[in-house]
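For reference, the chains in residue letters:
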Amino acid sequence: MVYTRGLPSLPVAGVVVPLAGVALLTAMLLSAAVWNGFPFIFYDTGGYLTEGLGGVFLAERAPVYSLLLFVAGSKFSLWPIVILQAAMTAFIVTETARAEVPGLTLWGLAGIGIALILLTGISWYAGQVEPDCMTALLVLGCYLLMFRSAGLSRTRRWAVFAVTTLAVACHPSHLGLMGGLLICGLLLKLGCLYMPALPRPRLAQACISLLGAILLILAANYGLARGIFISRSGSVFVFARLMQDGIVKRLLHDTCPQSGYKLCAWRGHLKTRVDAWLWSPDSGFRALGGFTSREQRAEDTRIILDSLERYPVMNLRAAAYDSALQFLLFRTGDGIEPQMSVIETSLQHLIPRQIHAYLAARQQRGLLRFRSLNLLHVPIGVLGVLGLLLLIQHAGAGRRWGHAQLPALVLLALIGNAIICGTFAEPHDRYQSRVIWLPVLVLILTRMRDPHALQPAETA
């Protein structure tokens, strides 16, 4: 044991110290929820509880996460699910830190946790009953499987594989993000044929992880709906985004009544926002059957394909704008507000014993304020992305391609997440803020490994 500045330097190696590090980080990540007095609730939480605890299939909710709530005993308490989420996050962060910083100590790991909690919104997502916290885990898990699996013991490798697979399966959009990262990995592997110095990724386990996630989703959907499918709501969300961008309105104007769309009768009553179209009581979407209408989903698909054929440039421009906007939106706290009228009825029916604690939480009493917090989190997020670009540039200039692996993969994940969420849904701060802590983690690890990594390179 080595002592530094009066504190014992405990290398994160073996079994006991890493477990202590994961336990310590888990407690840190739960700090925001503990301070709130109850796990954080989002608008979608009621739907996940209804699906998982009530056994009712909801096309708009991810079945694997819903069933995870059931397995975690959410009927009796919502704390186990957020403890599980915090522990999964702590484990993946610990393994990433061990891989990137040789000789990492327990105190160094604690410093990483403190920095992430203070500078980013990581604890707000780990403590929220929502699958958003899983998005960042699949990114780091994919990195470990592709580039660091050789340095992991068999037990740790299988644990990373399990967490990554579950994280991918917790939302259908994660399939697209994981698939995109694997395609980038394949391109890198092909590039190694021409530039042998490039890092060679191991794709087998990551591909099996994606396949395992698909099988989990298929099994969960079959268990709830007795059908084999990935998602029944994809076309609905894409349609709503096209409506918000004005593409549906133009299509109906140009083709009705000849096209025969049922929506022609509603062309003068279309909502201007995705959320209003999907969730407003007076929306035409509900009048036409909503998520449960197979005919409406089929018509949505027809309208999407028709618009792509008629207005390809308009579609491309709108998708590019929404993706770019999504990339720039990452304020902490989106949707973490009093949820009294949205899901209180669901909670009273499904988890009545938890209502008292739910109502007593700071969130439900309207005591959470994120404006001051975002005065720090937003600039840190911007600096984090700029730091990734700087790390990649330095690694490329020095031909140290191994140092570019993690920052490049995280940057690709940020771009991919923005494209998927901006194109297939609509821009929301929470979609990007759930992963914006990743650049901060990369910069911290790089600084710990090489204190001069971010300094300008010397020129001859």
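Since this is a predicted model, take the numbers as computed values, not measurements.

Remarks on helix α10 (residues 172–191)
Here's step 1: Look at α10: 29 Å from first C-alpha to last across 20 residues, which is about the 28 Å you get at 1.5 Å a residue.
Here's step 2: Buried residues of α10: H174, L175, L177, M178, G179, L181, L182, G185 and G191, and no others.
Here's step 3: Packed against the buried residues of α10 are α8 (134–147), α9 (154–169), α11 (204–225) and α21 (405–424).

Let's talk about the environment of G37
Here's step 1: Tracing the sequence through the fold places G37 in the loop between α2 (31–36) and α3 (45–54).
Here's step 2: Residues G37 and A360, spaced 323 residues apart in sequence, show a C-alpha to C-alpha distance of 7.3 Å.
Here's step 3: Ignoring any residue separated from it by four or fewer positions in sequence, one finds G37 in contact with W79, A357 and A361.

Focus: the pattern of salt bridges
Here's step 1: For the structure on display, the rule yields 15 salt bridges.
Here's step 2: Here D429 ties to R331 by a salt bridge, and the two come within 2.9 Å at their closest N and O atoms. Here the residue D429 occupies a position in helix α22 (residues 429–433), and R331 occupies one in the loop between α17 (312–328) and α18 (340–350), the gap between them amounting to 98 residues.
Here's step 3: Given a relative accessible area of 9%, D429 falls into the buried group.

Brief notes about the state of the cysteines
Here's step 1: Throughout the structure, instances matching the rule amount to one disulfide.
Here's step 2: The side chain of C256 participates in a disulfide bridge whose partner is C264; the two sulfur atoms lie 1.9 Å from each other. The disulfide joining C256 to C264 has a torsion of about -80° about its S-S bond and is therefore left-handed.
Here's step 3: Look at C256 and you get buried, because its relative accessible area is 8%.
Here's step 4: With no disulfide of its own, C142 lies closest to C207 among cysteine sulfurs, the gap being 8.7 Å.
Here's step 5: Here C184 stays free of any disulfide, with the sulfur of C142 as its closest cysteine sulfur at 9.3 Å.
Here's step 6: Overall, the relative accessible area of 29% leaves C184 in the partly exposed class.

Regarding the nonpolar core
Here's step 1: I112, L116 and W437 are the most contacted members of the largest nonpolar core, which has 99 residues in total.
Here's step 2: No other element matches the 12 residues that α8 contributes to this core.
Here's step 3: Those residues within four positions of I112 in sequence are excluded, and the remaining contacts are V93, A97, L104, L441, I444, L445 and M448.

Focus: a nonpolar patch on the surface
Here's step 1: Taken together, I183, L186, L187, L190, L193, Y194 and M195 make up a surface patch of nonpolar side chains, about 790 Å² in accessible area.
Here's step 2: Residue class for L186 comes out partly exposed when judged on its relative accessible area of 44%.

Quick look at the packing of aromatic side chains
Here's step 1: Across all of its chains, the model carries 13 aromatic pairs by this definition.
Here's step 2: A ring pair is formed by W124 and F370, whose centres lie 4.9 Å apart and whose planes are at 70°; its orientation type is edge-to-face. Note that W124 is positioned in helix α7 (residues 122–126) and F370 in the loop between α19 (355–360) and α20 (371–397), a separation of 246 residues in sequence.
Here's step 3: Judged by relative accessible area, which is 11%, F370 ranks as buried.
Here's step 4: We note R232 situated over the ring of F229; from NZ or CZ to the ring centre the distance is 4.0 Å.

A look at unusual backbone geometry
Working note: non-glycine residues mostly have negative phi, and peptide bonds are mostly trans.
Here's step 1: A cis geometry characterises the amide bond from C256 onward to P257, with omega recorded as 5°.
Here's step 2: The residue R226 is not glycine, and still its phi comes out positive at about 55°.
Here's step 3: Accessibility expressed as a relative area gives 59% for R226, which makes it exposed.
Here's step 4: Even without glycine at this site, R399 takes up a positive phi of about 55°.
Here's step 5: Mapping R399 onto the fold places it in the loop between α20 and α21.
Here's step 6: Taking relative accessible area as the criterion, R399 reaches 59% and is therefore assigned exposed.

A closer look at the packing of α8 against α9
Here's step 1: Where α8 contacts α9, the two axes come as close as 8 Å, and the packing angle between them is 140°. If you check the angle between α8 and α9, you find them oblique. As for the relative orientation of α8 and α9, their crossing is left-handed in sense. Side by side, α8 and α9 meet where M134, L137, L138, G141, C142, L144 and L145 of the first sit next to R157, V160, F161, V163, T164, A167 and V168 of the second.
Here's step 2: When its residues are assigned to classes, the contact of α8 with α9 shows 11 nonpolar, two polar and one charged.

Side note on the packing of α21 against helix α23 (residues 437–449)
What describes two packed helices is the angle between their axes and the distance between those same axes.
Here's step 1: Contact geometry for α21 and α23: axes closest at 10 Å, N-to-C directions at 170°. Accordingly, the angle class assigned to the pair α21 and α23 is roughly antiparallel. Contact residues: α21 offers L406, P407, V410 and L414, while α23 offers L438, P439 and V442.
Here's step 2: Its residues assigned to classes, the contact of α21 with α23 comprises seven nonpolar, no polar and no charged.

A word on α23
Here's step 1: Here α23 is 13 residues long and its end C-alpha atoms lie 19 Å apart, about the 18 Å a rise of 1.5 Å per residue gives.
Here's step 2: Burial analysis of α23 places 10 of its 13 residues in the buried class, which makes it a mostly covered element.
Here's step 3: Residues of α23 that are buried include every one of W437, L438, P439, V440, L441, V442, L443, I444, L445 and T446, and no others.

What counts, and where the lines are drawn
Here the residue numbering is sequential within each chain, running from 1 through the sequence in written order. The predicted origin of the model limits local features to residues at a pLDDT of at least 70 and limits the giving and counting of side-chain atom pairs to 80 or more, whereas totals for whole chains, interfaces and linings rest on all residues. Hydrogens are left out, water is left out, and the side-chain values use all remaining heavy atoms of the structure. Counting from the N terminus, the helices are the DSSP runs of H or I reaching at least four residues and the strands are the DSSP runs of E reaching at least two. Multiplying one less than the number of residues by 1.5 Å gives the expected span of a helix. Classification of residues uses two cut-offs on accessible area relative to the type maximum, computed with a 1.4 Å probe and protein chains only: under 20% is buried, over 50% is exposed, and between them is partly exposed. Only heavy atoms enter the contact rule, under which two residues are in contact if any of them lie within 4.5 Å. Salt bridge criterion: a side-chain nitrogen from Lys or Arg within 4 Å of a carboxyl oxygen from Asp or Glu. Any two cysteine sulfur atoms lying within 2.5 Å of each other are counted as a disulfide. Put simply, buried Ala, Val, Leu, Ile, Met, Phe, Trp, Tyr and Cys residues joined by side-chain atoms within 4.5 Å make one nonpolar core. Without a salt bridge and with relative accessible area above 30%, a residue can belong to a patch; like charges are then joined within 9 Å and nonpolar side chains (Val, Leu, Ile, Met, Phe, Trp, Tyr) within 5 Å. Exposure was quantified through the Shrake-Rupley algorithm and a 1.4 Å probe, taking into account, for residues, occlusion by the shown protein chains and nothing else. Any two of the Phe, Tyr and Trp rings considered here, Trp counted by its six-membered ring, make a pair once their centres fall within 6.5 Å; the pair's planes then place it as stacked at under 30 degrees, edge-to-face at over 60, or tilted in between. By definition here, charges over rings are those cases where NZ of Lys or CZ of Arg is within 6 Å of the ring centre and within 35 degrees of the ring normal. The axes are straight lines fitted to the C-alpha atoms, using for helices just the contacting stretch, and the angles between their N-to-C directions are given from 0 to 180°. Oblique is the label for any angle not covered by the other classes, which are roughly parallel (under 35 degrees), roughly antiparallel (over 145) and roughly perpendicular (65 to 115). Rotating anticlockwise by less than a right angle from the far helix to the near helix defines a left-handed crossing, while the corresponding clockwise rotation defines a right-handed one. Polar here means any residue outside two lists: the nonpolar Ala, Val, Leu, Ile, Met, Phe, Trp, Tyr, Cys and Pro, and the charged Asp, Glu, Lys and Arg; Gly therefore counts as polar.

Read these as spatial facts, not as claims about activity.
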